[in-house]
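Remarks on the overall topology
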Amino acid sequence: GRYTGSNLRRGAKTFLCGMLVTAVTLLVLPSERILFGILHFLGAAMMLLGLCEPLLKKIPAPVGLLLSALLYLATNSIGRGWIGLGPLRLELPRALYDAGFLFPLGLHPRIFASADYYPLLPWLFLFWAGYFLHFCMGRARMEPLRRSVCAPLGWLGRHSLGIYLLHQPVIYGVLLLLFHVFEQ
């Protein structure tokens, strides 16, 4: 169905779907578990946007876009143990990574496995860059993107979360069926 207009509600719904994916992968395919995948990230990013939007709206869009891009670049190396730009580099304490519970931030232990992994850092800043880019473009230039030019594609877009959640089990089921049919 349609998403609600609230970033907090939309984010919570998306994050809960991510947690459902985690539960299913832990139960059905533990070797392919998903601990903080794209749905977790998008849900958390939407909720953070909902919480931070009053502050973000105070930042001029071009400044916000530039700052978001710079913060993305500065945190893009967090998975390698440091943050910074060019010669300005800050090594992060290994204890932050070894804590184990900070993996949603991009601070994960050396032995960490997730079949799908999109930590908040650096990706939150890219998400916010998109938020600011929307305002840089202006509502009039964005209007053509708001209306559907193809009814079936519009329907797919309105139901994308459900389709995303169903696509892997359906593909897996079809392949399993084909394997059993052609095995004999």
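The following refers to the structure shown. Since this is a predicted model, take the numbers as computed values, not measurements.

Thresholds applied
Throughout, a residue's number is its position along its own chain's written sequence, starting from 1. This being a predicted model, a pLDDT of at least 70 is required before a residue's local features are given, and a value of 80 or more before pairs of side-chain atoms are given or counted; all residues contribute to the totals for chains, interfaces and linings. Values reported for side chains reflect all heavy atoms of the structure, with hydrogen atoms and water molecules removed beforehand. A run of DSSP states H or I qualifies as a helix once it reaches four residues; a run of E qualifies as a strand once it reaches two. Both are numbered from the N-terminal end. When a residue's accessible area, from a 1.4 Å probe over protein chains only, is under 20% of the maximum for its type it is buried; when over 50% it is exposed; and in between it is partly exposed. A contact between two residues is defined here by any heavy atoms of the two lying within 4.5 Å. Methods summary: accessible areas were calculated by the Shrake-Rupley approach with a probe of 1.4 Å, and residue burial reflects only the protein chains presented. In summary, the charge assignment counts Lys and Arg as positive and Asp and Glu as negative, without counting His or the chain termini. Charged groups are reduced to one reference atom each: NZ for lysine, CZ for arginine, CG for aspartic acid, CD for glutamic acid. Salt bridges are defined by distance alone: a side-chain nitrogen of Lys or Arg within 4 Å of a carboxyl oxygen of Asp or Glu. For a helix, the expected span equals 1.5 Å multiplied by the number of residues minus one. At least two DSSP bridges between two strands are needed for those strands to be called paired.

**A look at the overall build of the chain**
A count of helices and strands for the chain gives 8 helices and 2 strands. Order of helices (α) and strands (β) in the chain, N terminus to C terminus: α-α-α-β-β-α-α-α-α-α. Over its C-alpha atoms, taken along the principal directions, the chain stretches across nearly 60 × 50 × 25 Å. Residues counted as buried form 29% of the 184 residues belonging to the chain. In the chain, the share of contacts with a sequence separation of at least 24, taken over all contacts with a separation of at least 6, comes to 59%. Surface exposure of the chain reaches about 12,100 Å², of which carbon and sulfur atoms provide 72%. Across the chain, the 16 positively charged side chains and the 7 negatively charged ones have centroids separated by 14 Å.

**Quick notes on the side chain of E53**
Relative to the elements of secondary structure, E53 occurs in helix α2 (residues 38-56). Here E53 occupies a buried position and makes no salt bridge, while the nearest side chain of opposite charge, K57, is found at 4.3 Å.

**A short note on helix α1 (residues 7-28)**
The first and last C-alpha atoms of α1 sit 31 Å apart over 22 residues, in line with the 32 Å expected at 1.5 Å per residue. Looking at the buried side of α1, the elements it contacts are α2 and α8 (160-183).

**A closer look at the pairing of strand β1 (residues 82-85)**
Burial along β1 is one-sided: W82 and G84 are buried, and none of I83 and L85, which face the opposite way, are. Following β1, the chain reverses through 2 residues before pairing antiparallel with strand β2 (residues 88-91); G86 in that reversal takes a positive phi of roughly 55°.

**Description of the environment of A99**
In this structure, A99 sits in the loop between α4 (94-98) and α5 (120-137). Given the relative accessible area of 36%, A99 is considered partly exposed. For the pair formed by A99 and P109, sequence separation is 10 residues and the distance between their alpha carbons is 7.3 Å.

**Looking at the pairing of β2**
By the bridge criterion, 4 bridges tie β1 to β2 in an arrangement that is antiparallel. Of the residues in β2, the one forming a bridge with I83 is L90.

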